[in-house]
Amino acid sequence: MSYIVLARKYRPQIFDEIYAQEHITTILQNALNTQRIAHAYLFAGPRGVGKTSMARIFAKSLNCLKGTTSTPCNECHICQEITAGTATDVIEIDGASNTGVEDIRELQRELLYAPSQSLYKIYIIDEVHMLSKNAFNALLKTLEEPPENVIFIFATTEPHKVIPTIISRCLRFDFKRIPVEDIVARMLVITQTENIKIDKESLYIIAQKADGSLRDALSLMDQVLSYCSDEIRESDARAVFGLLPIQVYCNMVKHLAAHDSAGVINLLNDLIGKGSDIPELINGLLVFLRDLLVIRMGINPSELNPDNLEVYQNAANLLSSNNIMYMMAILIQTKQDIKTSSNPILIFEVTMIKLSRMDMMDDIATLLSRLENLQFSFQPMAEIAQSRSHEPRPTNAEAQIHPPVDQETYHSNVQPITTTDPSIQESDSRVKHDAASDLSLPFNESSFREILPKLTERIHKHSRLTAGNLKECEIAGISEHAVELKTTSPTAYNTLIKNQDMINETASSFFSVPVKLNFILVNATVEQPRPILSPEDMGKNNPLVERLVRDLDLVVKED
């Protein structure tokens with residue numbers, strides 16, 4: 001085959017060619033230089049970031065004819081065979097195709113044979129998470145105590161599916177996604193080598209589309225080259241991937257910021273008429289808004305072409321951060337709604353009209369500030385009822401002029417009233433001062449007798465029974481900070497003792513010092529039982545009873 005795709009042709013062959021994984025290459029190179037070689041390694045990370053390439057380079061570094069080195073020569077026949085995948089002592093196994101216990105047992109039988117021409121026998125198992133649980137368990141003993149000069153290198157994109165007992169027997173290295181800037185730098189070197197003319201924006205488009213995978217970026221580059229040969233322009237790259245120019249999103253944001261609903265709908269209809277897909281259009285707008293939000297935060301996104309930062313900055317200045325976040329939230333919800341809709345265009349049009357009328361919707365922060373500035377004045381219903389009970393009743397004539405209002409109807413229709421009138425606020429403050437004026441009375445017998453009716457009324461709000469029992473008590477004595485109250489009712493005494501803490505707390509609120517009320521149960525007069533009268537005695541004062549006794553011949557029987 002004459003043509004080799006870029007992803008294979010420019011596969012890394014030395015540690016320095018692996019981009020954005022310096023935290024791993026440094027450790028492995030130091031281990032090679034100090035001869036600290038482990039028996040098992042686990043390479044975990046996203047697709048296309050260099051896991052298998054790293055495993056091959058590490059294998060070449062171990063088996064190169066130069067000896068164990070961090071810089072394999074790539075010229076000896078062993079290095080070349082490892083690069084071509086034909087080395088007899090470096091066995092690459094696809095974990096997805098060899099998942100059973102029998103495959104592992106076959107591997108264990110091969111371990112009995114020593115390396116044929118290399119220093120180490122190396123097994124590279126790709127997508128190791130695809131092995132079954134039984135296969136993993138069969139590998140445990142071999143992995144913990146492998147034969148001499150045998151090294152295992154596992155690669156996986158889903159390390160959470162590898163059982164912990166396997167992970168604990170390996171040195172684990174986590175690969176990270178490759179930044180857009182590094183992908184652009186690598187592709188720029190390759191395009192220059194291949195004499196491919198490409199503008200900077202096209203490189204960024206491909207790098208962003210690759211989503212952190214250098215292998216995917218090179219595959220996308222091949223796809224674009226198939227469309228436009230050896231000269232790639234931004235319009236060609238966007239046409240291949242179905243992406244819209246950023247100017248389209250800028251115009252859309254301008255219409256939204258200007259509350260131009262008609263302009264937004266016309267632009268949307270033009271895009272749909274040209275074949276734009278609604279979900280992709282929403283995704284593109286979400287990404288664009290995300291970039292605007294980051295710029296509003298004072299951060300320059302590294303994944304954007306620096307030449308276009310001014311365009312993004314101008315668009316970001318049209319909207320506030322709150323508006324951008326609101327728009328993104330609405331678009332995310334719209335993205336979910338159109339999945340189950342038979343008319344996604346209608347839903348998207350309604351959404352865009354809604355976003356173009358954000359001026360009709362108050363900002364949440366503004367609403368909260370308004371609520372904080374409102375001043376409400378509430379009066380408890382019990383106080384209202386108490387104040388009305390002392391009002392003079394209207395005369396018949398007044399009642400005819402001012403008929404009573406149905407209370408239920410009144411309270412259902414009444415609206416809360418707020419005011420900032422200084423005179424009303426001053427009056428309200430005087431009422432509050434009067435209500436609090438009895439909280440600093442000196443404690444003595446006269447002051448206690450004075451507040452006792454108020455104390456009973458206040459306790460009545462908590463318990464009518466307790467207030468009634470307290471009202472029937474008599475003062476037996478007053479000491480420095482205590483009052484003795486006596487009652488002759490055992491039931492009342494039990495009720496007062498049960499609520500003594502509440503009574504003391506309420507009483508103390510009237511005075512400048514804590515007050516304690518002690519209750520005493522005094523001996524009540526025991527009512528003597530009435531004597532049992534004979535029928536003759538009952539009939540002495542009642543002729544009817546006397547007649548009944550005589551006619552019925554009644555007698556009293558004593559038990």
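It is worth spelling out the sheet that holds strand 4 (residues 150–156) at this point. In space, the 5 strands of this open sheet follow the order 2-3-4-1-5, with parallel pairing throughout. Each edge of the open sheet is held by one strand with a lone partner, namely strand 2 (90–94) and strand 5 (171–174). Here the average twist between neighbouring strands, direction ignored, is 15 degrees. Here 5 bridges tie strand 2 to strand 3 (residues 121–126), and the two strands are oriented parallel to one another. Counted as the bridge partner of Asp94 is Asp126 from strand 3. Strands in contact with helix 2 (residues 22–34) are strand 1 (40–44) and strand 5; relative to strand 5, the strand with the most contacts, it is inclined by about 150 degrees. Packing against the sheet, helix 5 (residues 101–110) makes contact with strand 2, strand 3 and strand 4, and its axis sits at approximately 165 degrees to strand 3.

With 14 residues, helix 8 (residues 180–193) should reach 20 Å at 1.5 Å per residue; the first-to-last C-alpha distance of 20 Å fits that figure. When helix 8 is considered as a whole, its buried residues turn out to be Val180, Ile183, Val184, Arg186, Met187, Ile190 and Thr191. Taken end-on, helix 8 shows its buried residues confined to a sector of 165 degrees, consistent with a single buried face. Away from the buried face of helix 8 by more than 90 degrees, exposed residues Gln192 and Thr193 are located. Those residues of helix 8 hidden inside the fold are in contact with helix 1 (6–9), strand 6 (197–198), helix 9 (200–210) and helix 10 (214–228). Once helix 8 finishes, Asn195 follows within two positions and takes phi at roughly 60 degrees, a positive value.

This brings us to the sheet that holds strand 8 (residues 474–478). The strand order across the open sheet formed by 3 strands is 8-9-10, and the pairing between neighbours is mixed. Edge strands, defined here as strands with exactly one partner in the open sheet, are strand 8 and strand 10 (516–521). Neighbouring strand axes in the sheet, compared pairwise and without regard to direction, differ in orientation by 30 degrees on average. As judged from the 6 bridges shared by strand 9 (residues 482–487) and strand 10, these two strands associate in the parallel manner. Bridge pairing in strand 10 places Thr487 opposite Leu521. The sheet strands contacting helix 25 (residues 490–498) are strand 9 and strand 10, and the helix crosses strand 10 at an angle near 155 degrees.

What counts and what doesn't
- Positions within a chain are numbered from 1, following the residues in the order the chain's sequence is written.
- Note on the predicted model: pLDDT of at least 70 is required for a residue's local features to be given, and 80 or more for side-chain atom pairs to be given and counted; whole-chain, interface and lining totals, by contrast, use all residues.
- The side-chain values count all of the structure's non-hydrogen atoms but skip hydrogen atoms and water molecules.
- Following DSSP output, two strands are said to pair if at least two bridges run between them.
- What counts as a helix is a DSSP run of H or I of at least four residues, what counts as a strand is a run of E of at least two, and both are numbered from the N terminus.
- Fitted lines through C-alpha atoms give the axes, limited to the stretch in contact for helices. The angle between two N-to-C directions lies from 0 to 180 degrees.
- The contact rule is simple, with two residues in contact once any of their heavy atoms fall within 4.5 Å.
- Given a helix with a known number of residues, its expected span is that number minus one, times 1.5 Å.
- Accessibility here uses a 1.4 Å probe with only protein chains present; expressed as a share of the type maximum, an area under 20% marks a residue as buried, one over 50% as exposed, and anything in between as partly exposed.
- Directions from the helix axis toward the C-beta atoms define the arc.

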